[in-house]
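Okay, here's what each chain looks like letter by letter:
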Amino acid sequence: LPASSNSLSAWFWDACMPEVAPQGVQRLRLRLHDISEHKVLKCGVRRLRDLIVPEGSELPPLPVRPDGSSKLLQRSFFQRLLSNQADLQTTLSCDVSAAQPDIRHLSLEHLLPLRDRTLDFNTNSKTHEAHEGFMLKLEKHLFEQIVERQLTATEAKAPARPSEHLPQLGRRAVLALGAAAI
């Protein structure tokens with residue numbers, strides 16, 4: 001996938017929103033066999049992270065209010081996760097639950113590394129219910145922000161879509177990016 005924004009834009013429109021793609025966007029068709037959706041999703045998240053937050057680059061500061069105070073109630077929790085001082089997998093459920101409402105304030109640049117580091121974390125156990133809720137909310141906001149950023153970047157005049165469809169569309173975009181990267 002070329003790194004230019006025009007190529008990324010064309011890829012997004014063709015893979016995710018072909019019904020409203022701008023004129024001149026070529027239609028791509030990919031078919032994968034003998035590979036799990038999770039592996040394709042993992043490749044897509046990692047490719048997107050490499051495009052938006054290259055390895056070794058500095059993350060933007062965590063969000064603050066106009067008066068300088070933190071928007072995050074659990075700021076230190078996210079600082080530890082983002083700086084690799086803590087792993088979500090080993091964090092106590094009460095801390096994970098307390099941090100869940102703050103996810104909505106994080107930017108795409110913060111959400112991508114968090115999701116990338118937890119791609120192999122299986123939260124299907126009863127002991128990880130808080131972690132599972134955290135991961136579901138993180139993915140929802142991650143996928144929404146992917147779509148919102150692309151629509152804003154291209155100044156698209158796409159038909160109004162209810163916000164409940166944005167996470168599905170973002171997931172589809174990440175899967176398409178993963179398929180292209182494989």
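The structure under discussion appears in the preceding block.
Notes on the structure follow. Residue numbers restart at each chain and count upward from 1, following the sequence in its written direction. Reporting of local features is limited, given that this is a predicted model, to residues whose pLDDT is at least 70; pairs of side-chain atoms are given and counted only at 80 or more, and all residues count toward the totals for whole chains, interfaces and linings. Side-chain measures here rest on the full set of heavy atoms in the structure, leaving out hydrogens and waters.

**Quick word on the side chain of Arg 49**
Helix and strand labels come from DSSP, where a helix needs a run of H or I of at least four residues and a strand needs a run of E of at least two; each type is numbered from the N terminus. Note that Arg 49 resides in helix 2 (residues 37-52). Whether a residue is buried, partly exposed or exposed follows from its accessible area with a 1.4 Å probe, protein chains only, as a fraction of its type maximum: under 20%, in between, or over 50%, in that order. By relative accessible area, Arg 49 is classed as buried at 12%. Any two residues whose heavy atoms approach within 4.5 Å at even a single point are treated as in contact. Sequence-distant contacts of Arg 49, that is, excluding residues within four places in its chain, are made with Pro 54, Glu 55, Leu 112 and Asp 116.

**Description of the packing of aromatic side chains**
Note on aromatic contacts: the rings of Phe and Tyr and the six-membered ring of Trp form a pair at centre separations within 6.5 Å, being stacked when their planes are under 30 degrees apart, edge-to-face when over 60 apart, and tilted otherwise. Applying the stated criterion to the full structure yields 3 aromatic pairs. Here Phe 77 and Phe 78 contribute two aromatic rings whose centre-to-centre distance is 5.3 Å and whose plane-to-plane angle is 85 degrees, an arrangement assigned as edge-to-face. Judged by relative accessible area, which is 3%, Phe 77 ranks as buried. Judged by centre distance (6.1 Å) and plane angle (80 degrees), the ring pair of Phe 77 and Phe 134 falls under edge-to-face. Remark: Phe 134 occurs in helix 6 (residues 129-154) and Phe 77 occurs in helix 3 (residues 75-82); sequence separation between them is 57 residues. Of the two residues, Phe 77 and Phe 134, both sit in the buried class. Among the aromatic residues, those joined into a ring-pair cluster are Phe 77, Phe 78 and Phe 134.

**What about the pattern of salt bridges?**
Here a salt bridge means any side-chain nitrogen of Lys or Arg lying within 4 Å of a carboxyl oxygen belonging to Asp or Glu. Per the counting criterion, the structure on display carries 10 salt bridges. For Glu 55, the salt bridge is made with Arg 49, and the minimal N-O distance between the two is 3.8 Å. Since its relative accessible area comes to 69%, Glu 55 is described here as exposed. Where salt bridges share partners, they join Arg 46, Arg 49, Asp 50, Glu 55 and Asp 116 into one cluster.

**Side note on unusual backbone geometry**
Its identity is not glycine, yet Asn 84 carries a phi of approximately 65 degrees, on the positive side. By the secondary structure assignment, Asn 84 is in the loop between helix 3 and helix 4 (93-99).

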